[in-house]
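What the coordinates show
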Amino acid sequence: MLRRGLSLFSALYPSSLASSSSPSPRQLKEMVTKDFVNQTIAQNRVVIFSKSYCPYCKRAKDLFTTAFPGVEVKVLELDIRDDGPEIQGYLLQLTDQRTVPNIFINQKHIGGNDKLQALHKADEVRALL
Ligand SMILES: *[C@@H]1O[C@H](CO)[C@@H](O)[C@H](O)[C@H]1NC(C)=O
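Now for a description of the structure that goes with this document. (Residues numbered from 1 in each chain as written. Predicted model: local features only at pLDDT ≥ 70, side-chain atom pairs only at ≥ 80, totals over all residues. Heavy atoms only, no water.)

Here's the deal with the sheet that holds strand β4 (residues 108-111)
We apply this condition: The criterion for strand pairing is that DSSP finds at least two bridges linking the strands in question. Helix and strand definitions here come from DSSP, where helices need a minimum of 4 consecutive H or I residues and strands a minimum of 2 consecutive E residues; each element is numbered from the N-terminal end. Here the axes come from fitting lines to C-alpha atoms, over the contacting stretch only for helices, and the angles between their N-to-C directions go from 0 to 180 degrees. In this description, contact between two residues means that some pair of their heavy atoms is separated by no more than 4.5 Å.
An order of β2-β1-β3-β4 is seen for the four strands of this open sheet, with the pairing classed as mixed. One side of each edge strand has no neighbouring strand; the edge strands of this open sheet are β2 (73-77) and β4. Each strand of the sheet is rotated relative to its neighbour by a mean of 20°, with strand direction disregarded. Pairing geometry for strand β1 (residues 46-50) and β2, over five bridges, is parallel. Residue pairing in the sheet places S50 in a bridge with E77 of β2. Its contacts with the sheet place helix α3 (residues 25-43) against β1, β2 and β3 (102-105), and it is angled at close to 140° to β1. The strands touched by helix α5 (residues 84-95) are β1, β2, β3 and β4; relative to β3, the strand with the most contacts, the crossing angle is about 60°.

Quick look at the packing of aromatic side chains
Cut-off, in case you're wondering: Stacked, tilted and edge-to-face are the three classes applied to pairs of Phe, Tyr and Trp rings, where Trp contributes its six-membered ring and a pair requires centres within 6.5 Å; stacked means planes under 30 degrees apart, edge-to-face means over 60, and tilted covers the rest. Buried, partly exposed and exposed residues are distinguished by accessible area as a fraction of the type maximum, computed with a 1.4 Å probe on protein chains only: under 20%, between the cut-offs, and over 50%, respectively.
What the rule picks out here adds up to two aromatic pairs. Between F49 and F104, the aromatic rings sit 6.0 Å apart at their centres with planes inclined by 85°, giving edge-to-face as the arrangement. Here the residue F49 occupies a position in strand β1, and F104 occupies one in strand β3, the gap between them amounting to 55 residues. Both residues of the pair, F49 and F104, count as buried. With centroids separated by 6.2 Å and ring planes inclined at 45°, the aromatic side chains of F64 and F68 adopt a geometry described as tilted. Given the relative accessible area of 7%, F68 is considered buried.

Have a look at this one:
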C-alpha cells in the first residue's frame, strides 16, 4: 500500500523524487518570481510594490502623479496578484523590508513612503530620476 502510494506520488511529481539538484515545483515558482521582480526593477524607472488598500502606498503614488506627472511609474498591487505573497517574500530577502510601499528608482532601493517623502522634501527625488 505504501509502495503503491509512493509510486503514484512519483508519477505525479517526478521532479520531487529526483536528484536534489533538480528544483521542486515550489522552488521553480520562487525562481520565476525572483526573475520577474528583478526584470521589473531593471526595466522601469520607478517601481512601487504596493497594496491597493494601503494609505501610505497611495501617498507614495500620489507624490509621483503630482510632483513628476511625466514620469511613468510601474505599480504592482500585491494584494490583487496571485503571486503577491511570493513577491513580498522575495522583496524581504532583497531589501530587508517586508512592508509596502517598497519603492525603487532607477534600480536603487528607496524604502517606504517616509523615505520617499523625506527625499522629496530635500529635493533629492528629481536627481534620482
Ligand atoms: C535578482 O537580483 C539579485 C540582486 O541583484 C541577484 O542577487 C539575483 O541573483 C537575481 N536573481 C535572478 C533570478 O535573476
